[in-house]
Each structure stands twice: as C-alpha cells, then as structure tokens.
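Observations on the model geometry
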Amino acid sequence: MTIEHQDVIIVGAGLSGIGAAYHLAKKCPDRSYLLLESRQAMGGTWDLFRYPGIRSDSDMHTLGYSFKPWQGAKAIADGPSILDYIRETATENTIDTHIRYGHRLLSASWSTEQSIWTLEISQSNAEKTVRMSCNFLYMCAGYYSYTQPHDPKFPELEAFEGKVVHPQFWPEDLDYQDKRVVVIGSGATSMTLVPAMAGTAKQVTMLQRSPTYVLTRPSEDWFANGLRKLLPETWAYALTRFRNTLFQEWLYKQARSHPERAKTVLISQVRKQLGDNYDVDKHFTPSYNPWTQRLCLVPDNDLFDAINSGNADVVTDHIKRFTKTGIELISGTHLLADIVVSATGLELQVMGGAQFTVDGHAVDFAALTTYKGLMVSEVPNMVSTFGYVNASWTLRADLISEWVCRTLNHMRDTRTSQVVPLVPEQLKGMPTKEWIADFPAGYLKRGMHLQPKQGDRAPWVNSQDFRKERALFNQPIEADSALHFSSPSNP
Ligand SMILES: Cc1cc2nc3c(=O)[nH]c(=O)nc-3n(C[C@H](O)[C@H](O)[C@H](O)COP(=O)(O)OP(=O)(O)OC[C@H]3O[C@@H](n4cnc5c(N)ncnc54)[C@H](O)[C@@H]3O)c2cc1C
C-alpha cells in the first residue's frame, strides 16, 4: 500500500508551525511540506483561548515574526488580533493550502535503513487512522495539553452549586453580568481576566496562594509607533524588535543579578498605583526573587484601576474547601461566588503527546540530552520548537526555523539524508541539568521530568539566552562535530 510522502512534515499550525512553514517555503523551496493540525483551525494558543481580555503579555514586535512587521497600534495585543496576524501570514504565503486539519499525530517511527519517519495519524472525521511518511519531522506542537488543563484537585469542589470555568475552555455564552466571580490563580491569565471582567461582574476576586511580580507598561509603544511615521514599515519593525530584545534581555539580567534592586523597583511601582493603605506586602510581594518565575504584565495599569475602583480585589490565602455558595479559606474567610474561574495553569506535554520509536525502540525523551534545545540526541531528522520563558516565544521559533533550513540545505548539498546529534563517548558522564534550569515556575516544574536533559556545555544546552543562542545557532553546520550526517546507502 502506498502512503502519502512529504520531504518535511510540520506538526502543529500555531504561531510556530505557520512561521516554520514560511521559512521552509522561502529558504528550501525544493522541499515538499505539509502541516498536520489536530484541531479544525490554525492559530494554536491564539485560537484556543477565548476568555475575556485574552492578550499577549509580551510585545508583538518580538512575539511577531522576524519577517512580518506587526502593524497594530498596540504592542500588547488582544488575542483576536494575534490570530488575524497568524492567519494573514498563512494566506499571504499560501501556507493555508498545506494544512491538513483534524489530523492528530499519534506516533512517529523512524527507520534508519530508509531514512524515513512513518507517522500514525488520527483523523477527526474518520474512524481509521491514516499513515504518512516524511524524511524530516518538524514538531511545532506547542508545550501543553489542549485537552487537559492542570487540575489542582480542589477539596470538595462537588459541593459548589455555582459554575466552574477553566480559561482553556471558556463557554462562549457565559453570562457574568452582576455575578460574583472568583478567579483562582496569580499568573498572566488571572491578571488579564480580573480587569477584563471587573465592571461587568458584580465583584471579581483574584484568589491566590502567593503573589507574583508584576510590571506595568503602556500597551502602546510610543517608540514603535513614532518610528513607523518616519521610516518604512520593515525598518521601523526591525529597529523596534532589536531595541525590545535588548530591553527584555537587560531587564531579565538586571533582575537576576541585582534581585534586591529589581524587587524595590517593581514593588514601588505597585505601591505608587495602589497607595499606602493597600497591603502590597501581602498581595504583590512574592517570596522569591524577580524573574526566577515569569513576570506578569499589567498593561496600562488595568488591574490596579480595577482594584482602585472597588470592582476587583485580591485575596491571598489558601483554599480549605468549596461550599455550596463559594470557597472557605484557611483563614476562616468565606468567599461568596456565582462563578469560579480555575486559572491554575497548563499541563505540560512533550512532542504533542505522540509516541516515538527509532528503529523499533521506544524513545524516552527524558533519558536523552538536548542538542541546542532543538534536537534530541539519538533521534534523527527531528526538530522540536520550544520558545523562551524569559522573552518572546517567536524569537526562538524563528532562530530554530533558520537553523532547520540551513541544515536541510546542507543535507541537499552533501547528498545526505540523515542528521543525528550524538553525545560523544567522553561526554556521556557530563553533569546534567533540567531542560530549563533555574526557573522554578509551577507549570514548568510539573512537567520538567518529561523533557530531555541539558549537559554542561554547548551544544548540549538550552540556555534560554537569545543573544548567546543566536551566535550558537549561526555556527557553521558542517563544522559541528556533534551532528552526524549520513545516508542509508552510506551510513
Ligand atoms: C494564554 C497564553 C498567553 C501567552 N502569551 C504569550 C506571550 O505574550 N508571549 C510569549 O512569548 N508567549 C506567550 N504564550 C506562550 C505561547 O503558547 C506561545 O507564544 C506560542 O503561541 C506558541 O505557539 P506554538 O505554535 O509553538 O504552540 P501552540 O500555540 O500551542 O500551537 C500548537 C499547535 O499544535 C497542534 N498540535 C499539538 N499536538 C498535536 C499533534 N499531536 N498532532 C497535530 N497537531 C498538534 C495544536 O492543536 C496547536 O494548534 C502564551 C501562552 C498562553 C497559553
């Protein structure tokens, strides 16, 4: 039986997958490609999440693609605008015609003899699975489960007679007008939801176990919008992107090297907005140092305005149990609620939840070592996209795509069909670190044991440092002794 074959199959038609397809079509026009998308729409995160106020928390001049200027007036953009931007990229470049919707990758099996990945794919409109094959597998499947958000198992939740909603599955018709809403969590989603619902709801309470650092910035970037009036769009975008990557890096490094100073600046910003009578120590002063977990953005002071107006409040406490009418806290306080939003985070997932084998042996990613945070030792012809936790995702996704295209072109030029990173014998005992080191954010910690490890030297690292990585990724492919190129007739 013949099965459909492509040179490259990209898994996932989100921000990364559409960007990957763009790079591939431009720089490797000789390669055929297809995108498999398990959902019925492109956009990934930006199509899935539909909660009120959904927006980016990093600026679109760095979350946007390197090749397509972000033209919106707001640098901190709402979800529908980001989705439009992804869709526009796909249609402008006829990427949309390469997407197979409703196709979920279940498993991928590599054959060294044939230099081929055979994919087992479920189709949403058919009972039987379908097989496809490709020479190169490019995973752009994101990092979390689309079907299973993190479930912290709230005590006695079943007693609650109101509505419980998860931001990942926001009901389109949820009516929260004049309702009492409790949003559980202190991450970016809570910080977005609370001001967005305040004013319509009767009262919105952000219930957190512990506070998060917040940074306030205007949603419009005067520098970017000013440059756009003076320079051609592409120049203005490139300059703003450059300036913003420098600023993000500077902010992150300052926070990590001078935590006390960073803490003072961040906390005083909050105090200035909420006033001396507000308990900033309790609700906005974390016990950890700034940027050891992701910083949350408060654009245009929206969260503080909501708190100051009295429509929203923050409670820092622990849940004892749910009751018929709300939530009883350890302190003894009872929070009345008509709607509880469980903004408690994502469940990390590796490689889109698919199973992998190499020459018949199951791949245990956690037992392997990452190569530059984009390939995995001993797994041939497979790249996976994971962005930055301390900067915009797309900065890294773009770097990875450029590296993939250079590698594929090198393989064309050298007439090789396989590339595999192999840790040299003498480095097999090198000290290892977690996939993302020194960043103990809850959602990452929960899934870290599933990810490949890092070694203690390049290229066996995932440094999460844009500038370092740009230099590392740009090193000549042919001079990289960690990569082994071959073809089946000449392994
Ligand atoms: C609410 C929210 C806000 C965020 N805001 C920011 C931000 O401001 N800045 C930032 O840098 N990052 C942010 N992120 C991280 C964000 O996920 C990335 O920026 C980016 O959107 C990830 O794109 P992606 O294409 O890699 O993954 P996703 O957007 O997750 O897309 C993955 C796609 O792959 C598909 N897929 C998965 N598994 C399979 C499979 N087995 N078979 C076929 N298809 C599959 C999915 O259906 C999906 O369409 C945010 C995340 C969330 C949840």
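Please refer to the structure higher up on the page.
All of these numbers come straight from a predicted model, not from anything done at the bench. (Residues numbered from 1 in each chain as written. Predicted model: local features only at pLDDT ≥ 70, side-chain atom pairs only at ≥ 80, totals over all residues. Heavy atoms only, no water.)

This paragraph deals with the nonpolar core. With 115 residues, the main nonpolar core has Ile-10, Phe-284 and Trp-403 as its most contacted residues. With 10 residues, helix H11 (residues 393-414) is the single largest residue contributor to this core. When residues no more than four places from it in sequence are discounted, the contact partners of Phe-284 are Pro-211, Thr-212, Val-214, Ile-267, Val-270, Leu-274, Tyr-278, Leu-303, Phe-304, Ile-307 and Val-314. Core analysis: the next-biggest nonpolar cluster, separate from the first, contains 25 residues, Ile-9, Trp-117, Leu-137 and Val-376 among them. (Core = buried A, V, L, I, M, F, W, Y, C linked by side-chain atoms within 4.5 Å. Buried < 20%, exposed > 50% of the residue type's maximum accessible area, 1.4 Å probe, protein only. Helix = DSSP H or I, 4+ residues; strand = E, 2+ residues; numbered from the N terminus. Contact = heavy atoms within 4.5 Å.)

Let us look at the site of the ligand. For the ligand, the set of nearby residues contains 33 residues, the closest of which are Ser-16, Glu-37, Asp-57, Ser-58 and Tyr-146. At a separation of 2.5 Å, an oxygen atom of the ligand approaches a polar side-chain atom of Ser-16. Within the contact set of the ligand, an oxygen atom lies 2.6 Å away from a side-chain nitrogen or oxygen of Glu-37. Protein chains shield 95% of the accessible area of the ligand, which is 980 Å² for the free molecule. Of all the secondary structure elements, the ones that give two or more residues to the shell around the ligand are helix H1 (15-27), strand E2 (33-37), helix H2 (45-48) and strand E4 (103-111). Examining the composition of the shell around the ligand, we find that three residues originate from one element, E4, more than from any other. In terms of residue class, the shell around the ligand is made up of 16 nonpolar, 12 polar and five charged. (Near = heavy atom within 4 Å. Polar contact = N/O pair within 3.5 Å; in protein donor to acceptor, adjacent residues only side chain to side chain. Areas by Shrake-Rupley, 256 points an atom, 1.4 Å probe, with all protein chains shown as cover. Nonpolar A, V, L, I, M, F, W, Y, C, P; charged D, E, K, R; others polar.)

This next bit is on the sheet that holds strand E9 (residues 203-208). Pairing is parallel in the open sheet, where five strands are placed in the order E7-E16-E8-E9-E12. Each having just a single partner strand, strand E7 (163-165) and strand E12 (312-316) make up the two edges of the open sheet. Direction aside, the axes of adjacent strands within the sheet are offset by 20° on average. By the bridge criterion, five bridges tie strand E8 (residues 180-184) to E9 in an arrangement that is parallel. Bridging across to E9, Ile-184 finds its partner in Leu-207. (Pairing = 2+ DSSP bridges. Axes fitted to C-alpha atoms, helices over the stretch in contact; angles between N-to-C directions.)

Moving on, we come to helix H4 (residues 79-92). Taking 1.5 Å per residue as the helical rise, H4 with its 14 residues ought to reach 20 Å, and the 20 Å between its terminal C-alpha atoms agrees with that figure. Here H4 has its buried residues at Gly-79, Ile-82, Leu-83, Tyr-85, Ile-86, Thr-89 and Ala-90. All buried residues of H4 fall inside an arc of 155° around its axis, so they share one side. Considering only its buried residues, H4 is in contact with H1, H2, helix H3 (60-63) and helix H7 (233-257). Looking one or two residues past H4, Thr-94 carries a phi angle of roughly 50°, positive in sign. (Expected span 1.5 Å × (residues − 1). Arc of directions from axis to C-beta.)

For H7, spanning 25 residues, the distance from its first C-alpha to its last is 36 Å, which sits close to the expected 36 Å at 1.5 Å a residue. Of the surrounding elements, those touching the buried residues of H7 are H3, H4, helix H6 (222-230), helix H8 (259-274), H11 and helix H13 (466-473).

Turning to the packing of H7 against H11, a few remarks are in order. At their nearest, the axes of H7 and H11 sit 12 Å apart, and the two run at 115° to each other. When the axes of H7 and H11 are compared, the pair comes out roughly perpendicular. The element H7 and its partner H11 pack so that their crossing is left-handed. Contact with H7, carried on its side by Arg-241, Thr-245 and Gln-248, involves Thr-394, Leu-395 and Asp-398 of H11 and no other residues of that element. Across the contact of H7 with H11, the residue classes tally to one nonpolar, three polar and two charged. (Parallel < 35°, antiparallel > 145°, perpendicular 65-115°, else oblique. Left-handed = near helix turned anticlockwise from the far one by under 90°.)

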